[in-house]
Amino acid sequence: MEQRQIIYDRINDLLAENEWFKAAQLIEDTIESSVAEKKVMLAYNLIVCYIKLKDSWLSQKALNKYSSLLNEEDKKQLQEEILKIPSKIKGEGVSAISWFKSDTKMSDIIGLEKVKKKIYEKIINPIKYESFYKEYGVKLSDGFIFYGPPGTGKTMLAKAIAGETGIRMLIVNLHEMVSKYQGQTTRNLHSIFQQARDGNPAIIFFDEIDSIAQNRNQSEISSTGGEERRIINTLLTELDGAMKENNGIYIIGATNRPQDIDSAISRSGRFNQFIYIGPPNLHERIELFKYYIGKLKKVDKIDYYKLGLASFGFSPADIALACDNGAKHMLSLMAQGKESKRLLTTKDFIWAIKQMPKTPLIHSYRDILNTFKKLDSEQRNQFADMKKDIIFFVRKARKYKIIYNLLSYVI
């Protein structure tokens, strides 16, 4: 007993001296053999040590392991501290990947009402009311793929899911984490899923999932096809494990090119839920202009309807850029003495719209439409919403180009 007390005193001394690493090591060696009363204190201090060391993985792992020893207030406080840690995934080439807690809510997203309703039904409610769903035997761990053209809000929707559910999130840009060293990318993938298992519940968001989940028939054509195949097989194995265990890991993928994803990824039991995130309609474009122009100061009365018409084929990201470029261009002219000081007007934003590629989505849509011809009937059904939208935009492009050109004379 005397020897044990000496160890406890040593731990207290290390904590007082902010020797977090040494204290954590000593606690790890001692905690399992300690009496219940001391175990509570040691568990709390172990988690604090890892928080101080800014290691969210070990912090969350320890909190999950010793959760039953802590009271609700302490658990809540520790969880909040863990979520503040900008921890990085360990692995070569994955420095941009980190866990975080999202403050984004569904109400922050303009438009996409049908999509948001579907997300509440299929993702948010099952996560928030997990015990209720389990009571009825409903499977919770479907994988989801958000697909659609660039800049339509796929990543923001994923952040809103994390914000609404209050669980931590990991955004993985697969294109950035692919390593030039053979075998490292598969190790990085395993590390990501292992950290999610150790610190569940968690959302893993794979951005640009087609960058490593490309159709294997296409991958094998390249000189690195063997390595790409191993990466896909590793992803399949990790997905299978996460889905079957149903252990609080929720997986979402995003892609601009769903037709390029390997069919093995999208079969039942993996990513078998596809949600199309399309470009904004006229009403939504008007609301987006109101939102972004509303952030600016010294703005005259704006004809938002004209801006909405002129921006046919624009994504939310395109509209945000047009608003920013319109304001900067006017300020640049004033700085050069080419314009007198005045309020921002509709013509400034029409100018910015005209500088951008005409109906930016149309060009990418035409390219995608051609690739749809190569899909089998099952894949065509999966992406029916996107195909319908593509045909609409491509067919309407000429009509809106005429309106766009007319507006340039009206303004």
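Quick notes on the rules
- Residues numbered from 1 in each chain as written.
- Predicted model: local features only at pLDDT ≥ 70, side-chain atom pairs only at ≥ 80, totals over all residues.
- Heavy atoms only, no water.
- Helix = DSSP H or I, 4+ residues; strand = E, 2+ residues; numbered from the N terminus.
- Buried < 20%, exposed > 50% of the residue type's maximum accessible area, 1.4 Å probe, protein only.
- Contact = heavy atoms within 4.5 Å.
- Areas by Shrake-Rupley, 256 points an atom, 1.4 Å probe, with all protein chains shown as cover.
- 1 Å grid on protein atoms, 1.4 Å probe; cavity = no way out; pocket = protein on both sides within 12 Å on 5 of 7 lines; lining within 4 Å.
- Points joined across faces, edges and corners; volume = space filled by probe spheres on them.
- Nonpolar A, V, L, I, M, F, W, Y, C, P; charged D, E, K, R; others polar.
- Polar contact = N/O pair within 3.5 Å; in protein donor to acceptor, adjacent residues only side chain to side chain.
- pLDDT = per-residue confidence, 0-100.
- Axes fitted to C-alpha atoms, helices over the stretch in contact; angles between N-to-C directions.
- Left-handed = near helix turned anticlockwise from the far one by under 90°.
- Salt bridge = Lys/Arg side-chain N within 4 Å of Asp/Glu carboxyl O.
- Arc of directions from axis to C-beta.
- Parallel < 35°, antiparallel > 145°, perpendicular 65-115°, else oblique.

Caption draft 1: Structural view of the overall build of the protein. If you tally the helices and strands in the protein, you get 19 helices and six strands. Within the protein, the proportion of its 411 residues that are buried is 49%. Put simply, of all contacts in the protein between residues at least 6 apart along the chain, 74% involve residues at least 24 apart. Counting every atom, the protein has about 20800 Å² of accessible surface; 51% of that belongs to carbon and sulfur.

Caption draft 2: Highlighting the layout of surface pockets. What the second largest pocket holds in volume is close to 420 Å³. Looking at the second largest pocket, it is lined by 26 residues, and the ones nearest its centre are Gly151, Thr152, Gly153, Lys154 and Pro316. Looking at the lining of the second largest pocket, its residues break down into 13 nonpolar, eight polar and five charged.

Caption draft 3: Region of interest: the environment of Ser67. Considering the arrangement of structural elements, one finds Ser67 in the loop between helix 4 (56–65) and helix 5 (72–83). The partly exposed category is assigned to Ser67, whose relative accessible area is 22%. As for Ser67 and Ala43, which are separated by 24 residues in sequence, their C-alpha atoms are 8.7 Å apart. Within the structure, Ser67 has its side chain in polar contact with the side chain of Lys75 (distance 3.5 Å).

Caption draft 4: Expanded view of the environment of Ala327. Tracing the backbone through its elements, the reader meets Ala327 in helix 15 (residues 316–335). Considered as a pair, Ala327 and Leu343 are 16 residues apart in the sequence and their alpha carbons are 9.8 Å apart. Setting aside residues no more than four positions away along its own chain, Ala327 makes contact with Leu296, Leu344 and Phe349.

Caption draft 5: View of the confidence of the model for the protein. Taken over all residues, the pLDDT of the protein has a mean of 78, while the share at 70 or more is 73%. Highest mean pLDDT in the protein belongs to helix 13 (residues 282–294) (94); lowest belongs to helix 11 (residues 216–219) (49). Taken together, the stretch residues 219–224 has pLDDT below 50 and engages in seven contacts with residues farther than four places along the chain or on a different chain.

Caption draft 6: Representation of the packing of helix 2 (residues 20–30) against helix 3 (residues 36–52) within the structure. Axis separation between helix 2 and helix 3 bottoms out at 9 Å; the angle between their running directions is 145°. The way helix 2 lies across helix 3 gives a crossing that is left-handed. Across the interface between the two elements, Trp20, Ala23, Ala24, Ile27, Glu28 and Thr30 of helix 2 pack against Leu42, Asn45, Leu46, Cys49, Tyr50 and Lys52 of helix 3. Grouping the constituent residues of the contact of helix 2 with helix 3 by class yields eight nonpolar, two polar and two charged.

Caption draft 7: Focus on the pattern of salt bridges. For the structure on display, the rule yields nine salt bridges. Put simply, Glu32 and Lys65 hold a salt bridge, and the shortest N to O gap is 3.8 Å. With Glu32 in the loop between helix 2 and helix 3 and Lys65 in helix 4, this residue pair connects regions lying 33 residues apart in the sequence. For Glu32, a relative accessible area of 47% translates into the label partly exposed. Between Asp303 and Lys306 there is a salt bridge whose closest N-O contact spans 3.8 Å. Via salt bridges that share partners, Glu32, Lys39 and Lys65 belong to a single interconnected network.

Caption draft 8: Spatial organisation of helix 2. By the burial criterion, the buried members of helix 2 are Trp20, Ala23, Ala24, Ile27 and Thr30. Considered in projection along helix 2, the buried side chains sweep an arc of 135° and stay on one side of the axis. In helix 2, the exposed positions angled more than 90 degrees off the buried face are occupied by Phe21 and Asp29.

Caption draft 9: Up close: the packing of helix 3 against helix 5. It is at 10 Å that the axes of helix 3 and helix 5 come closest, and there the two elements cross at 15°. In terms of axis orientation, helix 3 runs roughly parallel to helix 5. Helix 3 and helix 5 meet at a crossing whose hand is left-handed. Together, Tyr44, Ile47, Val48 and Ile51 of helix 3 and Asp74, Gln77, Leu78, Glu81 and Ile82 of helix 5 make up the contact between the two elements.

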